[in-house]
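If you want the building blocks of each chain, they are given just below.
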Amino acid sequence: MNYFIREMNVSEYPLLREFLYQAIYQRDPANPIPRSIVDDPDIECYIRGFGEYQTDRCLCAQMNDKVVGAVWVRNISGFGSIDEQTPEFAISLLPEYRGQGIGTALMEAMIEKLKTEGYTKTSLAVQKDNYALSMYLHVGFEIAAENEEEYIMVYLLN
């Protein structure tokens, strides 16, 4: 499996709509959440006007001529937001490319990018029963808070 990680081109930002949908944990794959969920303002904030904020960053994984995964960060008031200075992670892969280490590589690449840009921490939210929780822990995120359904996780970059 040959893929490489690169910065996502501005012309590819519309792909984030699909990646945002793929990032939504599907508890019951037989009854998927409707795609219109990405129009919900609480969810759409992860992609609305992406690239307009100075702090927007996006890396993608490309295999052949296809973008198969993306990791992006924004300073927004999202589910995993902890303060106004900490960028929040969003990551997803197309389903057929999961479980092959691409997500871990994307996360590690974004962590290195944030370190070189001088950030001190980053955060994310994950539902407690989401299979991705183990990847986040493996990469080095730690549980900082929780609510009934989710963990808020933080990665200290220094």
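Residues numbered from 1 in each chain as written. Predicted model: local features only at pLDDT ≥ 70, side-chain atom pairs only at ≥ 80, totals over all residues. Heavy atoms only, no water.

S.K.: Explain the overall build of the protein to me, please; I cannot follow it from the model alone.
M.R.: Each helix and strand counted, the protein has four helices and seven strands in total. Taken from N to C terminus, the helices and strands of the protein fall in the order β-α-α-β-β-β-α-β-α-β-β. Against the 2.2 N^0.38 benchmark of 15 Å for 158 residues, the protein shows a C-alpha radius of gyration of 15 Å, consistent with a compact globule. Dimensions of the protein along its principal axes, counting C-alpha atoms only, are 35 × 35 × 30 Å. Partitioning the contacts of the protein with sequence separation of at least 6, the portion at a separation of at least 24 is 60%. Here the protein has roughly 8,500 Å² of accessible surface; of this, 48% comes from carbon and sulfur atoms. Computing the positive centroid from 13 side-chain charges and the negative centroid from 24, the protein places the two 3 Å apart. (Helix = DSSP H or I, 4+ residues; strand = E, 2+ residues; numbered from the N terminus. Rg over C-alpha atoms; globule rule 2.2 N^0.38 Å. Contact = heavy atoms within 4.5 Å. Areas by Shrake-Rupley, 256 points an atom, 1.4 Å probe, with all protein chains shown as cover. Lys, Arg positive; Asp, Glu negative; His and termini not counted. Charge placed at Lys NZ, Arg CZ, Asp CG, Glu CD.)

S.K.: In this structure, what is going on with unusual backbone geometry? I would like to understand it.
M.R.: Peptide bonds are, in most cases, trans, and in most cases residues other than glycine have a negative phi. Even without being glycine, Asn64 reaches a positive phi, approximately 55 degrees. By secondary structure assignment, the location of Asn64 is in the loop between β2 (57–63) and β3 (66–74).

S.K.: Help me out: how do you make sense of the environment of Glu146 in this one?
M.R.: Within the secondary structure, Glu146 sits in strand β6 (residues 142–146). Residues Glu146 and Pro95, spaced 51 residues apart in sequence, show a C-alpha to C-alpha distance of 27 Å. With residues up to four places along the chain from it excluded, the contact list for Glu146 reads Lys128 and Tyr151.

S.K.: How do you make sense of the nonpolar core when you look at a structure like this?
M.R.: Nonpolar side chains in soluble globular proteins tend to end up buried together. Leu16, Trp72, Phe89, Tyr136 and Phe141 are the most contacted members of the largest nonpolar core, which has 49 residues in total. Those elements giving two or more residues to this core turn out to be α1 (16–23), β2, β3, β4 (88–93), α3 (102–116), β5 (121–127), α4 (133–139) and β7 (150–156). Those residues in contact with Leu16 that sit more than four places away from it in its chain are Met8, Ile47, Phe50, Cys58, Ala70 and Trp72. (Core = buried A, V, L, I, M, F, W, Y, C linked by side-chain atoms within 4.5 Å. Buried < 20%, exposed > 50% of the residue type's maximum accessible area, 1.4 Å probe, protein only.)

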